[in-house]
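Residues per chain are reported as follows:
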Amino acid sequence: MTETSLTDRERLEVYTWMRLTRAFDERMVALWKQGRGVGGTFSQRGHEAISVGAGWALAPDDVVAPMHRDLGTFLVRGITPLRAFASLMGRATGVTGGRDINFHGMGDLSLGIIGFISHLPHSVPVALGAAMSFRYRGEKRAVLSFTGDGASGSGLFHETLNMAALWDAPYVLLVENNQYAYSTPVHEHTKVTDLARRADGYGIPGVSVDGNDVEAVHAAVKMALDRAREGGGPTLIEARTMRMMGHAIHDGAEYVPPAQLAEWAARDPLQLFEERLVATGVSRDDLEGIGRRCEAEVEEAVVWAEGSPWPDPATVTDGVYAP
Amino acid sequence: MTETSLTDRERLEVYTWMRLTRAFDERMVALWKQGRGVGGTFSQRGHEAISVGAGWALAPDDVVAPMHRDLGTFLVRGITPLRAFASLMGRATGVTGGRDINFHGMGDLSLGIIGFISHLPHSVPVALGAAMSFRYRGEKRAVLSFTGDGASGSGLFHETLNMAALWDAPYVLLVENNQYAYSTPVHEHTKVTDLARRADGYGIPGVSVDGNDVEAVHAAVKMALDRAREGGGPTLIEARTMRMMGHAIHDGAEYVPPAQLAEWAARDPLQLFEERLVATGVSRDDLEGIGRRCEAEVEEAVVWAEGSPWPDPATVTDGVYAP
Amino acid sequence: MAGHAETFGFSGGPEGDGSRVMTYVAAISEALREEMRRDPSVLVMGEDIGNDFGGAFKVTKGFAAEFGPLRVLNTPLAELGFTGVASGMALMGLRPVVEMQFADFISSAFDSIVQYAATTHYRWGAAVPMVIRAPSDGGLRSGPFHSQNPEAWFVHTPGLKVVAPATPADAKGLLTAAIRDDNPVIYFESKPLYRNLKGYVPEGEHVVPIGKAHLARSGKNLSIVTYGAELHQALAAAERLADEGIECDVLDLRSLKPLDEEAVLATARKTGKVLVVHAANRLAGVGAEVAAMIADRAFEWLDAPVRRLGGLDTPVPFSPPLEDAYRPDAAKIAAMARELARY
Amino acid sequence: MAGHAETFGFSGGPEGDGSRVMTYVAAISEALREEMRRDPSVLVMGEDIGNDFGGAFKVTKGFAAEFGPLRVLNTPLAELGFTGVASGMALMGLRPVVEMQFADFISSAFDSIVQYAATTHYRWGAAVPMVIRAPSDGGLRSGPFHSQNPEAWFVHTPGLKVVAPATPADAKGLLTAAIRDDNPVIYFESKPLYRNLKGYVPEGEHVVPIGKAHLARSGKNLSIVTYGAELHQALAAAERLADEGIECDVLDLRSLKPLDEEAVLATARKTGKVLVVHAANRLAGVGAEVAAMIADRAFEWLDAPVRRLGGLDTPVPFSPPLEDAYRPDAAKIAAMARELARY
Ligand SMILES: Cc1ncc(C[n+]2csc(CCOP(=O)(O)OP(=O)(O)O)c2C)c(N)n1
Ligand SMILES: Cc1ncc(C[n+]2csc(CCOP(=O)(O)OP(=O)(O)O)c2C)c(N)n1
Ligand SMILES: [Mg+2]
Ligand SMILES: [Mg+2]
């Protein structure tokens, strides 16, 4: 599915978010390799079409529960690169004020973002709860929840889809099938690697989409969210892509066959989209200009984050409870 | 599916187990209504074809993990009515020596029976573990695990089937779809009430069978166990029946429409099988003779159980740990 | 032999204008109903509360008709998932009250409670106002999986509040407070008290603040610190001991987290001898924290070791003689207190 | 600022014939490998141990080639389910050693451990010989979900055993004992010690019996009772205190359940002053049980309150200044011990 409802201008905007995501990721990876990071982190490479395409499909009042490879969604929804880098660096100015690590807990309800925990996939039922709050109040809003191919082996996947279907919730679950769960290839953690096929067991639509084609992702997610908002119930979407780096920053991913990486590298989501934009008349110079602006924005964020204060240890017990 | 591979003699044996199960259940219900029971218990009425048919399909070396409506399986596998009643009565002579309640914990590895806990459906993965021990040792044995329609909404259902399929385990999961999970009708706890349909999402065969037809249950379970033993992998079987009494002994089940009960009463598993036996030349007198012998056996068990000693309180802390 | 070994009866409670005598379980229902009427963001969810079944203990009987299916949300058998759903609702400003069919099944929802709900406010500042109602405790011949008192797991976990009312009035007042609290609160209600205990309960708004213990009886020789159904065993024991000339303070903790440390220390410092009692098994139970806290902060005042009496360190056995051996009762409390008084 | 705040180094250990110096994590691997060679019923299972990845910490690196895929069973992301699978294997006589990728994820398997594995022998006499390896503890800037010390939940639960080795030799010896034990044993291994701590480890069979504490340092003024990585902080603190003339007993519990009550009481009675230390958050932690037990059974010998030092009662924060504030270290232990010595 590559038709799109995006205008030319919107396509450039989407491209910009993807470039920003890529620029952020490349800078992050470089910093961590230099030892300038704090704690571990997760490369986003290869996931840009999913996180941006899906994030872009959200309506302003929708809510989203991104995971550890969804930086693009965080950015599109309004987490600035400044705050994001400060979070990664454990600074007081980060989203969690240094309490949680990398993209974890990067929630901001004013932006319609639900933060996640490590334990997979707990965002999935929590996001359904948000969707049920919309049903409860009769609001025309929908929720998009992300999970991974590995996490889909967890019981919460089943419990949540069963409830979402039963309750006709305005809920879309997007499984990022990036061929691996840490070191384990998808066919070694499940026999049915066509993950959208599970939808039938819940009586809801299941859609499989090319996760490297940002317009295809956008179209599939938008259609599902639109239907959900109109009372049409949940959808399970599988977006197929490839995790192009290790599981986390420390992981060299020697277990990934080079041929598999090469195959997917040839379908890099940014390049794919660039070709398409160029084919429709956008100049490569314009695209490179966007890239440079994104890199500058990222650089500014890094400087700001590294210059940001550490949290004050005297505050360490603050906020365990809501007042 | 009503063809059967059973000989006439075997059919009478199967019938006897069903009558024994029914007699046990009726006596149990009466005793509890008279206040002679200890703790709560679960009526088995309506489930006799499933518990006996499936239990009868097991090979001697197979292992089974029955649940709270599978008395027939316990009996077929060798838990005597004496021990079973003593268990229900909390006596030292019961299977758990008074430590666990009613059919809970009624495990006996020498009989190839794994005991269950209340938390649903934890037997399901445990039974898969037993199946994996057979794969581990290269033994041609299979495991049959029971669960309910309600319990199939729990995450363990999904986690276990995913692993069983992935590992090609000699494992058969039988879902007793008895139309209710406590007070909740099946269509109010899942959108897809055709529970065998979930099998496809795991890439394993799914079979739906008339749970009131003992020969159909037997044939389906036997075929699945045979295939499992031969390395053909797991099967999901849905057996459809009706819980003919309340959820547990205290429950009047006012929420069940009388018409629904009447419809299923007309298809009582014992009566169905009796008609078939009579049609093939067995005399009603013979069947009633079997019934009387079963009732006598049950009565003897009740007397024995009620006369059995209570556990000695001095032993209460024994056995928390294996020596 | 098969009967219920304990007796309760009447808990007293705040008599006066608008106070009526009602059962413990009715007080729970009343708090829920009143809060749902007061605040449209309050809802109940759990297994078998649909079709006006009212749940296993009929606590929400009649609610479906009054509040409709979205506010009385029947769930599939999926504690982990539906507790996560409740967290999501809470994040969006609803106030779900989740019913575990039995407290024993709270372990099925454990991950969602201790990892998601408990940590969210600390991590990113989002409040998770939810209540988990957990019908706990035994003595009812219900076996290892319908008799548990799992409060210690949650008291240890940062970010949760934990309460355990012992009277109808507190059942109402603490549930009201829990629903209005902006944090996840685990509400351990006591099955053996449900229909066996009556007491005065104020009509209309009645809030018992979380974190305040209640001195249920006053005496100078010894302190018994307890909560839940064991309060009534402790009071019965204190009654017997009074006949023997041993006068007991009986402190009902009511809140297990936050613990009313001042009240605990006050009674410990007053009598110098403390017995901590709970139905949960003893080892590393809530009583360990209470005793350790006393041993730390009331050391100078102690005239005897801080003693603990809990359930035995076994699963809760089913058979009456075994469960009776397992479970603290007035006689066991009195025996231990008597010995402590003589110390 | 971002660095690791603690240093370890060398733990000593049983020097002598066949003893070699190795890291804590290598000792774990060695115990596993030797037990798998010795007993064909021993197997390992968990996430990312397939294809010779060896798990997140490479503990089973090389195992796949030696033992094959059924004895090095890679699992999907399904802790609850695969822990149940392990119980089933154990019932049938296998001895699965389950690896949690991080101890934090043991809460995902909670129900299976505390309700199924822990209760089965008591209920129907079937042994469940399994080990759950849980890489625990923090100080590594890993945030709230990769730094937890969840041992208290399991110490409270009847039917489990719980161990927490602090040295390479004990890591080997306790894992060997755990694998040979016929009960479910939770083995909390310490991530901060993995590659930071070396010590002598006996070659070949080495069994450290479950339930025996070890007096790691002897002194007359004060007792520090601890376990896991905090042992090394306690020893460092004791070293500093010795310079000040305060001589400490430092008791390494090694087993948290069963607890070596006699060893704890011996040191308490010897010095009369006890500080209990652990990295897990303090409230209702294992330290509460230890302190309460001392307050009960060593009362007559106590010259000061039993003090406790734990992690703060918050989720484990990520940022270095916050985590440093959260976590007990030698300086905090020394400060508290010094004050206690002066009591
Ligand atoms: C309950 C639980 N168990 C284990 C882990 C450790 N873990 C973190 S990410 C991961 C793999 C996840 O794979 P997938 O869902 O495919 O997401 P991806 O990282 O590929 O995007 C694992 C095993 C976890 N986070 N949660
Ligand atoms: C985890 C868990 N939650 C709740 C319960 C309480 N409970 C006991 S049986 C039951 C209904 C089970 O329905 P189903 O699986 O259809 O089995 P049936 O009783 O109909 O045979 C419930 C909710 C439980 N046993 N376990
Ligand atoms: Mg993946
Ligand atoms: Mg059912």
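Residues numbered from 1 in each chain as written. Chains lettered and ligands numbered in written order. Predicted model: local features only at pLDDT ≥ 70, side-chain atom pairs only at ≥ 80, totals over all residues. Heavy atoms only, no water.

Notes on the overall build of chain A
Then, in step 1: Helix and strand counts for chain A stand at ten helices and seven strands.
Then, in step 2: Here chain A has a C-alpha radius of gyration of 19 Å; the compact-globule value for 323 residues is 20 Å, and the two agree.
Then, in step 3: Across its three principal axes, chain A shows a C-alpha extent of roughly 55 × 50 × 40 Å.
Then, in step 4: For chain A, the proportion of its 323 residues judged to be buried stands at 65%.
Then, in step 5: Taking all contacts inside chain A whose residues are at least 6 apart in sequence as the whole, residues at least 24 apart take part in 75%.
Then, in step 6: Entry remark: accessible area of chain A is about 10400 Å², with carbon and sulfur atoms responsible for 53%.
Then, in step 7: Charged side chains of chain A number 30 positive and 42 negative; the gap between the two group centres comes to 1 Å. (Helix = DSSP H or I, 4+ residues; strand = E, 2+ residues; numbered from the N terminus. Rg over C-alpha atoms; globule rule 2.2 N^0.38 Å. Buried < 20%, exposed > 50% of the residue type's maximum accessible area, 1.4 Å probe, protein only. Contact = heavy atoms within 4.5 Å. Areas by Shrake-Rupley, 256 points an atom, 1.4 Å probe, with all protein chains shown as cover. Lys, Arg positive; Asp, Glu negative; His and termini not counted. Charge placed at Lys NZ, Arg CZ, Asp CG, Glu CD.)

Some words on the relation of the copies chain D and chain C
Then, in step 1: Mapping chain D onto chain C is achieved by rotating through 180 degrees and translating by 0.0 Å along the same axis, at an RMSD of 0.0 Å. In symmetry terms, the pair is related by a two-fold rotation axis. Minimal C-alpha separation from the rotation axis in chain D is found for A292(D), amounting to 2.3 Å.
Then, in step 2: A shared interface surface links the copies, since 100% of the contact residues of chain D are contact residues in chain C too. (Least-squares fit on C-alpha atoms with pLDDT ≥ 70 in both.)

A short note on the interface of chain D and chain A
Then, in step 1: On the side of chain A, 37 residues touch chain D, which itself brings 32 residues to the contact.
Then, in step 2: Taken together, both faces of the contact between chain D and chain A bury some 2600 Å²; the carbon and sulfur share is 68%.
Then, in step 3: Remark: the boundary between chain D and chain A carries zero salt bridges.
Then, in step 4: Of the residues forming the side of chain D that touches chain A, the biggest block, four residues, is contributed by helix α11 (residues 320-326) of chain D.
Then, in step 5: Considered class by class, the residues forming the side of chain D that touches chain A number 18 nonpolar, ten polar and four charged. (Buried area = accessible area lost by both parts, 1.4 Å probe. Salt bridge = Lys/Arg side-chain N within 4 Å of Asp/Glu carboxyl O. Nonpolar A, V, L, I, M, F, W, Y, C, P; charged D, E, K, R; others polar.)

A short note on the interface of chain D and chain C
Then, in step 1: Each side of the interface is counted separately: chain D has 46 residues, and chain C has 46 residues.
Then, in step 2: Summing both sides of the interface, chain D and chain C together bury roughly 4300 Å²; the carbon and sulfur share of this comes to 60%.
Then, in step 3: Across the contact surface, chain D and chain C share four salt bridges.
Then, in step 4: In this structure, R307(C) and D296(D) form a salt bridge, with 2.3 Å as the shortest nitrogen-oxygen distance.
Then, in step 5: Inspection of the chain D/chain C interface yields 27 residue pairs in polar contact (both at pLDDT 80 or more).
Then, in step 6: Where the side of chain D that touches chain C is concerned, the elements lending two or more residues are α4 (110-117), α5 (120-124), α6 (151-156), α10 (286-297) and β15 (307-311) of chain D.
Then, in step 7: Its residues assigned to classes, the side of chain D that touches chain C shows 24 nonpolar, ten polar and twelve charged. (Polar contact = N/O pair within 3.5 Å; in protein donor to acceptor, adjacent residues only side chain to side chain.)

What to know about the domain arrangement of chain C
Residue and element names in this part refer to chain C.
Then, in step 1: Each assigned domain of chain C is listed with its residue range as follows: domain 1 (8-202) and domain 2 (214-342).
Then, in step 2: Buried area between domain 1 and domain 2, summed over both chains or domains, comes out near 2100 Å², and the portion from carbon and sulfur atoms is 58%.
Then, in step 3: The largest share of the area that domain 1 buries against domain 2 comes from R141, V155 and A164, three residues that together contribute 27% of it.
Then, in step 4: The interface formed by domain 1 and domain 2 includes four salt bridges.
Then, in step 5: Residue R327 is joined to D137 by a salt bridge in which the shortest nitrogen-to-oxygen separation is 2.8 Å.
Then, in step 6: Where domain 1 touches domain 2, the interface holds twelve residue pairs in polar contact (both at pLDDT 80 or more).
Then, in step 7: When contributions to the side of domain 1 that touches domain 2 are tallied by element, the ones reaching two or more residues are α6 (151-156), β7 (161-163) and α7 (168-180).
Then, in step 8: With five residues, the top contributor of residues to the side of domain 1 that touches domain 2 is α6.
Then, in step 9: Along the lines of polarity and charge, the residues of the side of domain 1 that touches domain 2 split into 17 nonpolar, eleven polar and five charged. (Domains from an automatic or database assignment.)

Some points on the site of ligand 2
Then, in step 1: Around ligand 2, the structure places 20 residues, and the nearest of them are H68(B), R69(B), D149(B), G150(B) and E79(C).
Then, in step 2: In this structure, ligand 2 is bordered by residues of chains B and C.
Then, in step 3: Note that an oxygen atom of ligand 2 is positioned 2.8 Å from one of the side-chain N or O atoms of H68(B).
Then, in step 4: Contact distances for ligand 2 include 2.7 Å between an oxygen atom and a side-chain N or O atom of D149(B).
Then, in step 5: Relative to its free-state accessible area of 580 Å², ligand 2 is covered by the protein chains to the extent of 95%.
Then, in step 6: Split by residue class, the shell around ligand 2 holds seven nonpolar, nine polar and four charged. (Near = heavy atom within 4 Å.)

Concerning the confidence of the model for chain C
Residues and elements named next belong to chain C.
Then, in step 1: Here chain C averages 96 in pLDDT, and 98% of its residues register 70 or above.
Then, in step 2: Predicted confidence for residues 1-6 stays below pLDDT 50, and this span has 18 contacts to residues more than four positions away or in other chains.
Then, in step 3: Interface scoring of the predicted complex returns ipTM 0.98; its pTM is 0.98. (pLDDT = per-residue confidence, 0-100.)

Quick look at the packing of helix α8 (residues 230-243) of chain C against helix α12 (residues 330-342) of chain C
Residues and elements named next belong to chain C.
Then, in step 1: At a minimum axis distance of 8 Å, the contact between α8 and α12 shows a crossing angle of 55 degrees. For the element pair α8 / α12, the angle class is oblique. Here the hand of the crossing between α8 and α12 comes out right-handed. Listed contacts from α12 to E230, Q233, A234, A236, A237, R240 and L241 of α8 are A330, A331, I333, A334, A337 and R338.
Then, in step 2: Each residue belonging to the contact of α8 with α12 can be placed in one class, and the counts come to nine nonpolar, one polar and three charged. (Axes fitted to C-alpha atoms, helices over the stretch in contact; angles between N-to-C directions. Parallel < 35°, antiparallel > 145°, perpendicular 65-115°, else oblique. Left-handed = near helix turned anticlockwise from the far one by under 90°.)

A short note on the side chain of T157(C)
Residues and elements named next belong to chain C.
Then, in step 1: Inspection of the secondary structure puts T157 in the loop between α6 and β7.
Then, in step 2: Judged by its relative accessible area of 4%, T157 falls in the buried class.
Then, in step 3: One polar contact links the side chain of T157 to the main-chain carbonyl oxygen of W153, over a distance of 2.8 Å.

Points about the sheet that holds strand β6 (residues 206-210) of chain B
Residues and elements named next belong to chain B.
Then, in step 1: Here we have five strands laid out as an open sheet, ordered β1-β2-β3-β7-β6, and parallel in their pairing. In this open sheet, the two strands that pair with only one neighbour each are β1 (63-65) and β6. The sheet shows a mean angle of 20 degrees between the axes of neighbouring strands, taken without regard to direction.
Then, in step 2: Inspection of the sheet shows β6 paired to strand β7 (residues 235-240) by five bridges, in the parallel sense. (Pairing = 2+ DSSP bridges.)

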